[in-house]
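For reference, the chains in residue letters:
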Amino acid sequence: LDTCALVGAVPSRFPWEGDTVDLDTYFAMARGIQEKDLDGTDEEGAGAQAMEMTKWFDTNYHYIVPEFDADTSFSLSSTAPIDAYTEAKEMGVETRPVLIGPVTFLLLGKAQDDDLEVLDLLDDLLPVYREVLDELADAGCEAVQMDEPVLVLDLDDAERDALTTAYNALGGADVDLHVATYFGALEDNLATALDLNVDGLHLDLDRGAGQLDAALDHGVPDDLQLSLGLVDGRNVWRADLDALYEPVEQAVDALGSDRVAVGPSCSLLHVPVDLNAEPGLDDDVKPWLAFAVQKLDEIVALARRADGDVEGTEATFEKARAAREDRATSDRINNPDVQSRMANVTPEMAERDNPHSQRRPLQRDRMGLPQLPTTTIGSFPQTDDIREMRRQFKSGDISTEEYESFIEKQIADTIAAQEEIGLDVLVHGEPERSDMVEYFGRRMNGFLFTENAWVQSYGTRCVRPPIIAGDVSRPEPMTVRWLSYANDLTDQPVKGMLTGPVTMLQWSFVRDDQSRADTCRQLALAIRDEVEDLEDAGIMAIQIDEPAFREGLPLRESQWDAYLDWAVECFRLASSGVRDETQIHTHMCYSEFNDIFEAIADMDADVISIEASRSKMELLQAFDDFDYPNEIGPGVYDIHSPRVPPVDEMETLIQKALDVLEPGQMWVNPDCGLKTRRWVEVRPALENMVQAAERVRETQAVA
Ligand code: GLN
Ligand code: ZN
């Protein structure tokens, strides 16, 4: 969004005169403009949809996706980086401004016209970047960092050439240019990167340890400084400084110390700020960890040692050694029961008894489902009341009994509302959960929780990922109490809600002393226990949410299969312990999974609900090529908007889906959970959704 504002890439639907991008335009781009904001009425009218937001590479940070069309032209439209540089300078601090590089900016954007190639815009964009660099130089700036993380992706020749062209053009500016790459190895883009017309190149040696050798083998141009991204910017563990020091020595030997810089692997945006702001962590685990501030100490220690200061850095190195030894033998990490269970996992444990085709009639019969059954994704509005009661409970102002009876009342109200609305498969509404990962993590062994370790997710929003430190297990049931309560309130089927192993892994900081696959298997076994307990408690449908399944996909396609193999296996391990007549659901809140469709089918969930309404069922094109064998609920109600979709609109979406889906395999549901919405929106929207399903059932004349 900042770069869009900088270069004036404001889509034409926003009211903007073409001068400086002011705060209103900036917010409009990120948040959209409600119809009534523009003309002061509630009439349907000239609102403007927010720009798309998506995850930044394989992180949980989100960015606004640039939009380009045939009319896009660029001009310098913000002074933000220059102002920030000057502000720091006036405080006596010489900073190195960081910009998203022009090629990454274009390649992360989306062309709105089919015949537009984003790279065709490069020639128009470069002069604006040049202006920014010139203004920074005029302000006294010495060096600028250009982030080009696309260099760790699969690129074609045209994309590689664009990088060369870009830095040939920008290299003439009166500031030093340092290109930063991160989140992976350069691999086949290494030569392109090393030969760019720039002064410095940053390599992520955490994700791509081997690339220092590769770079030295290839030959580092005489005038290029190498920046070694050694300290893991994506995780919270204290570094193994002895191990990280080896590449520093190697690079200094080869290049001389003035051509080597030491840094974190990537931006420290992705880790919490300061371990010392964490009163809640026990003293025995604190030394195992390093947040951003501590990582800076590690970086400084590596650099000082390379400058010959062994004595002054030894204490920091020694702490790192002690922490690793302590962690390796701690009871908090090692649980022999979990380890022996892991050793006894068999392939059969990841198989249902019979194929879905045999399970479907059993499940539908048992649950008494009509064609096109209606359901929701799990959460219902998290009202101010719920938040307030949770706060009071946490701070000890109300007792456990008071809190639990409040939650029961919420569940009872939610069940009653769903019965009134006429939904087929009900949920308990998740009022007891503030966060779908935290709730489960807190009930499992092996996790650490922080109080202040926030990490920015986007704009003004932060998340506080738990830390998986040790072997994971589930000491006792986590959801059965609430699900049984809900189940007893109604004759209709109630669907239990769990967070899946891949999502638990993906949205946590993960231990670095065993493979992610093994940590995920431990999570899967813990969730499997819960699934079986829910089944025993009479719950007929169990949803295992995997909204983070796709974002776990490696950045390089060559590594996809390895990930998908264990990720699918873990989902199956979590979900396959049940009888045929127990219906397993999963949910993913995005629609771009055409390229992993077969893996999704391999997960063998009986029902999957997915996002689809915003893209107007675009995802269904994929069903032309691939017959999805199980049941599927493409979302017909976009819950990200307060708007109540009318019956016709949802009816049309259902009809559209039925062009490619069998009526017997289709479900009707919203795109995602309803927790961010208000009851006044949710109730009419779901009533309309149920009515739309009824209308289609009638017109289809399906039994
Ligand atoms: N069951 C969760 C909910 O409804 C799913 C959330 C998600 O997809 N991120 O809130
Ligand atoms: Zn979702």
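Residues numbered from 1 in each chain as written. Chains lettered and ligands numbered in written order. Predicted model: local features only at pLDDT ≥ 70, side-chain atom pairs only at ≥ 80, totals over all residues. Heavy atoms only, no water.

(A) Layout of the overall build of the protein chain. Scanning the protein chain for helices and strands turns up 25 helices and 21 strands. The globule rule puts the C-alpha radius of gyration for 703 residues at 27 Å, and the 27 Å found for the protein chain is close to it. Counting over 703 residues, the protein chain shows a buried share of 55%. Carbon and sulfur atoms make up 45% of the accessible area of the protein chain, which amounts to about 29,700 Å² in all. Taken as two groups, the 59 positive and 140 negative side-chain charges of the protein chain have centres that lie 6 Å from each other. (Helix = DSSP H or I, 4+ residues; strand = E, 2+ residues; numbered from the N terminus. Rg over C-alpha atoms; globule rule 2.2 N^0.38 Å. Buried < 20%, exposed > 50% of the residue type's maximum accessible area, 1.4 Å probe, protein only. Areas by Shrake-Rupley, 256 points an atom, 1.4 Å probe, with all protein chains shown as cover. Lys, Arg positive; Asp, Glu negative; His and termini not counted. Charge placed at Lys NZ, Arg CZ, Asp CG, Glu CD.)

(B) Seen up close, the pairing of strand S7 (residues 176-180). Extensive coverage of S7 is indicated by the burial of 4 of its 5 residues. At this point the chain moves from strand S6 (residues 143-147), through helix H7 (residues 157-170), to the parallel S7, and the crossover so formed is right-handed. Direction of pairing for S7 relative to strand S8 (residues 200-204): parallel, over a ladder of 3 bridges. Paired with valine 179 across the strands is leucine 201, a residue of S8. (Right-handed = clockwise from strand over helix to strand, strands pointing away. Pairing = 2+ DSSP bridges.)

(C) Region of the structure containing unusual backbone geometry. Of note in this structure, phenylalanine 183 is not a glycine but carries a positive phi near 80°. In this structure phenylalanine 183 comes out as buried when scored by relative accessible area, which is 3%.

(D) Summary view of the side chain of arginine 521. As for its position among the elements, arginine 521 is in helix H20 (residues 516-536). A relative accessible area of 19% means that arginine 521 is categorised as buried. Non-local contacts of arginine 521, meaning those with residues more than four positions away in its chain, are made with Met342, Trp566, Glu569, Cys570 and Leu573. (Contact = heavy atoms within 4.5 Å.)

(E) Local environment of helix H6 (residues 122-138). In this model, H6 (17 residues) spans 24 Å end to end at C-alpha, consistent with the 24 Å of a helix rising 1.5 Å per residue. Along H6, the positions that sit buried rather than exposed are Leu122, Leu125, Leu126, Val128, Tyr129, Val132, Leu133, Leu136 and Ala137. Glycine 140, located one to two residues past H6, shows a positive phi value of around 105°. (Expected span 1.5 Å × (residues − 1).)

(F) Fine view of the sheet that holds strand S16 (residues 494-499). Read from one edge to the other, the open sheet built from 6 strands follows the order S11-S16-S18-S19-S20-S21, with strand pairing classed as parallel. Looking at strand neighbours, the two that pair on one side only are strand S11 (426-427) and strand S21 (631-634), the edges of this open sheet. Sheet topology note: the strand S18 (residues 541-545)/strand S19 (residues 583-588) ladder contains 5 bridges and is parallel. Looking at S19, one finds that aspartate 545 is bridged to histidine 587.

(G) Seen up close, the coordination of the zinc ion (ligand 2). The zinc ion (ligand 2) binds to the protein through His587 (NE2), Cys589 (SG) and Cys672 (SG); the donor distances cover 2.0 to 2.4 Å. Around the zinc ion (ligand 2) sit 4 donor atoms, and with donor-metal-donor angles ranging over 89 to 126° the site reads as tetrahedral. Donor residues for the zinc ion (ligand 2) sit on one chain with the sequence pattern H-x1-C-x82-C. Within this pair, whereas histidine 587 is found in strand S19, its partner cysteine 672 is found in the loop between helix H24 (647-658) and helix H25 (679-700), the two being separated by 85 residues in sequence. According to the relative accessible area criterion, histidine 587 is buried, its value standing at 3%. (Donors = N, O, S within 2.8 Å, 3.2 Å for Na, K, Ca; no water. Tetrahedral: all angles 85-135°; square planar, octahedral: opposite > 155°, others 65-115°.)

(H) Inspection of the environment of aspartate 188 at higher detail. Its location among the elements puts aspartate 188 in the loop between S7 and helix H8 (190-194). Separated by 33 residues in sequence, aspartate 188 and leucine 155 have C-alpha atoms that sit 8.5 Å apart. The contact partners of aspartate 188, leaving out residues within four places of it in the chain, are Arg160 and Arg556. Within the structure, the side chain of aspartate 188 is placed 3.0 Å from the side chain of arginine 556, a separation counted as a polar contact. (Polar contact = N/O pair within 3.5 Å; in protein donor to acceptor, adjacent residues only side chain to side chain.)

(I) Highlighting the site of ligand 1. Taken together, the neighbourhood of ligand 1 is formed by Ile377, Gly378, Ser379, Glu430, Met436, Met497, Asp545, Pro547, His587, Cys589, Cys672 and Gly673. Between serine 379 and ligand 1, the recorded distance is 2.7 Å, taken from a side-chain N or O atom to an oxygen atom. Here a nitrogen atom of ligand 1 sits 2.8 Å away from a polar atom, N or O, in the side chain of glutamate 430. Burial of ligand 1 by the protein amounts to 91% of the accessible area it has alone, namely 300 Å². In terms of residue class, the shell around ligand 1 is made up of 6 nonpolar, 4 polar and 2 charged. (Near = heavy atom within 4 Å. Nonpolar A, V, L, I, M, F, W, Y, C, P; charged D, E, K, R; others polar.)

(J) Representation of helix H15 (residues 384-394) in the model. Taken together, the buried positions of H15 are occupied by Ile386, Met389 and Arg390. When H15 is viewed along its axis, its buried side chains cluster within an angular range of 100° and face the same direction. In this fold, the buried residues of H15 make contact with helix H16 (400-421). Downstream of H15 by a residue or two, glycine 396 has a phi angle that is positive, lying close to 80°. (Arc of directions from axis to C-beta.)

(K) Quick peek at the nonpolar core. With 106 residues, the main nonpolar core has Met444, Phe549, Met588, Ile654 and Leu686 as its most contacted residues. Other than its neighbours up to four places away in sequence, phenylalanine 549 contacts Val502, Thr503, Tyr563, Leu564, Ala567, Val568, Met588, Tyr590, Ile596, Ile600 and Met603. Formed by 93 residues, the second largest nonpolar core is a distinct cluster that contains Cys4, Ile33, Ala162 and Leu224. (Core = buried A, V, L, I, M, F, W, Y, C linked by side-chain atoms within 4.5 Å.)

(L) Examining the packing of H6 against H7 more closely. Put simply, H6 and H7 touch, their axes get as near as 10 Å, and they point 35° apart. Between H6 and H7 lies a crossing of right-handed hand. Taken together, the residues of H7 that come into contact with H6 (itself represented by Leu122, Leu126, Tyr129, Arg130 and Leu133) are Ala162, Thr165, Ala166, Ala169 and Leu170. Among the residues making up the contact of H6 with H7, the classes are represented as 8 nonpolar, 1 polar and 1 charged. (Axes fitted to C-alpha atoms, helices over the stretch in contact; angles between N-to-C directions. Left-handed = near helix turned anticlockwise from the far one by under 90°.)

(M) Up close: the packing of aromatic side chains. Scanning all chains against the criterion turns up 15 aromatic pairs. Ring centres of tyrosine 245 and phenylalanine 317 lie 6.1 Å apart, and the angle between their planes is 80°; on these two criteria the pair is classed as edge-to-face. With a gap of 72 residues between them, tyrosine 245 in helix H10 (residues 241-255) and phenylalanine 317 in helix H12 (residues 310-329) connect regions that are remote in the sequence. Considered together, tyrosine 245 and phenylalanine 317 belong to a single accessibility category, that of buried residues. An aromatic cluster is defined as three or more aromatic residues linked by ring pairs; in this entry it consists of Trp56, Phe57, Tyr63, Tyr182 and Phe183. A cation over an aromatic ring shows up here: arginine 442 above the ring of phenylalanine 449, its NZ or CZ 4.3 Å from the ring centre. Over the ring of tryptophan 482 we find arginine 481, and its NZ or CZ is 4.0 Å from the ring centre. (Phe/Tyr/Trp six-rings, centres within 6.5 Å; stacked < 30°, edge-to-face > 60°. Lys NZ or Arg CZ within 6 Å of the ring centre and 35° of its normal.)

(N) Here's a closer look at a negative patch on the surface. Taken together, the side chains of Glu557, Asp561, Asp565, Glu598 and Asp602 present a region of like negative charge at the surface. For the negative patch, the secondary-structure elements that each account for two or more residues are helix H21 (560-575) and helix H22 (597-602). Within the element layout of this structure, aspartate 565 appears in helix H21. (Patch = residues over 30% accessible without salt bridge, like charges linked within 9 Å, V, L, I, M, F, W, Y side chains within 5 Å. Salt bridge = Lys/Arg side-chain N within 4 Å of Asp/Glu carboxyl O.)

(O) Local environment of the packing of H15 against H16. Running from N to C, H15 and H16 cross one another at 160°; their axes reach a closest spacing of 10 Å. Considered as vectors, H15 and H16 are oriented roughly antiparallel to each other. Here H15 and H16 pass one another in a crossing that is left-handed. Each of Asp385, Ile386, Met389, Arg390 and Phe393 in H15 lies in contact with H16, whose residues at this interface are Thr400, Tyr403, Phe406 and Gln410. The residue makeup of the contact of H15 with H16, split by class, is 5 nonpolar, 2 polar and 2 charged. (Parallel < 35°, antiparallel > 145°, perpendicular 65-115°, else oblique.)

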